[in-house]
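What follows is each chain in one-letter form.
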Amino acid sequence: MRLLSILSIALLLSSCDTSPPDNIFQGYVEGHQLNLAPRSTGILRTLYVTEGEKVAAGAILFTLDSERAEAQLDQALAARSASEALLANLRKGGRVEEIHAATQSLRQAEASLTLAEKTYQRSKELVDSGVVAIARLDQDKAALETLRASVTQAQSRLDIVRLPARDNLITSAEHDVEVRNATILLAKAELNDRSVTAPAAGRIETIFRRTGETTGPTQPVLALVPPEQKRIRFFVPEGLLARVHFGASVTLGCDNCPNDLMGKITFISNQAEFTPPIIFTEKERAKLVYLIEAQPEKPESFLNGQPVSVTLQ
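Residues numbered from 1 in each chain as written. Predicted model: local features only at pLDDT ≥ 70, side-chain atom pairs only at ≥ 80, totals over all residues. Heavy atoms only, no water.

> Can you explain the overall build of the chain? Please cite residues and give values.
Each helix and strand in the chain was counted, giving five helices and 14 strands. Every one of the 313 residues in the chain was classed for burial, and the buried ones make up 31%. Restricting to contacts in the chain with at least 6 residues of sequence separation, those with at least 24 account for 76%. For the chain, the accessible area works out to roughly 19600 Å², and carbon and sulfur atoms hold 54% of it. (Helix = DSSP H or I, 4+ residues; strand = E, 2+ residues; numbered from the N terminus. Buried < 20%, exposed > 50% of the residue type's maximum accessible area, 1.4 Å probe, protein only. Contact = heavy atoms within 4.5 Å. Areas by Shrake-Rupley, 256 points an atom, 1.4 Å probe, with all protein chains shown as cover.)

> Tell me about the pairing of strand β7 (residues 202-207), residues and numbers included.
Alignment of strand β4 (residues 54-55) against β7, held across two bridges, turns out to be antiparallel. Its bridge partner lying in β7, Val55 is registered against Gly202. (Pairing = 2+ DSSP bridges.)

> Explain the sheet that holds strand β9 (residues 222-225) residue by residue, including any values.
Pairing is antiparallel in the open sheet, where four strands are placed in the order β2-β9-β7-β4. Each edge of the open sheet is held by one strand with a lone partner, namely β2 (34-36) and β4. Pairing geometry for β2 and β9, over three bridges, is antiparallel. Within the sheet, the bridge partner assigned to Leu36 lies in β9 and is Leu222.

> Lay out the pairing of β9 with the relevant residues and their values.
Residues Leu222 and Leu224 of β9 are buried on one face, and the alternating residues Ala223 and Val225, pointing to the opposite face, are buried as well. Direction of pairing for β7 relative to β9: antiparallel, over a ladder of four bridges. Counted as the bridge partner of Ile207 is Leu222 from β9.

> Break down the sheet that holds strand β1 (residues 24-31) for me, with residues and values.
Here six strands make up a closed barrel; going around it, the order is β1-β10-β13-β12-β11-β14 and the pairing antiparallel. This sheet shows a mean twist of 40 degrees between the axes of neighbouring strands, independent of strand direction. Bridge count for β1 against strand β10 (residues 230-237) is five bridges, and the pairing is antiparallel. Looking at the pairing, Glu30 lines up with Arg231 of β10. (Axes fitted to C-alpha atoms, helices over the stretch in contact; angles between N-to-C directions.)

> Account for the packing of aromatic side chains, naming residues and giving values.
Applying the stated rule across the entire model yields one aromatic pair. For the ring pair Phe25 and Phe234, a centre distance of 6.2 Å and an interplane angle of 25 degrees mean the geometry is stacked. In this pair, Phe25 sits in strand β1 while Phe234 sits in strand β10, placing the two residues 209 residues apart along the sequence. Each member of the pair, Phe25 as well as Phe234, carries the same accessibility label: buried. (Phe/Tyr/Trp six-rings, centres within 6.5 Å; stacked < 30°, edge-to-face > 60°.)

Structure follows, in structure tokens:
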């Protein structure tokens, strides 16, 4: 009778053994988050998202103060306008007033030359008729030559005024306009950087800064986790490592999740480590295991830190 009781207890204990199959492992979800920060330092003005919110790629996440960037852009645009006006003036030549003055000077010189030619002709006729001395003719001829030189000089001055500036001055002005254009592009980029958008669709995991705080390139404002960056991490004992293959399919299970969740193994550690206490019991912590990562086919079905069971195929 006593022997029968012992056998009954043994059978009962064996039937209560709930050890999991050797192809099922406990793991958890870990997302590789993107810590997003502005390219330049500023005060956080507007925060458009909240923790846990899902955003689309290109959605505006937050903005910084932009008054200084807008002023720099306005200054760059004004400087380019001045440079372009100077270049146009150099290409065009002298001002209208200068050309008008040079033209009037030429007309006066031509009128004086016409009068001198008539005077010289008259004096020549008088000298031929013996009315005046030849010295008078010499004086009128000298005056005529002087006025001819004046006309030539006035014509040259008008031609110079009409000419554009020298090539080296025009080239220098052209380069200055190019510099102003580059400054405008830089100012526009600085202004655009005051507004940060999502580089990919994902979930806002953590917000590190609040409106009114100062932030910069080394001070992320928030963390974004794209679905494709989620991994299922689990650990396999050394004795079962031969059953794990890169690219192999696995079945994933979690509380209140669909039954058809699958994934593929994307990473197998080449170094053994002790079993993490968050996964296994106190007795199993002394075992050496290898870290395995699997990429789920439907990453949007999982949350960061969520416990997941992984079944090897």
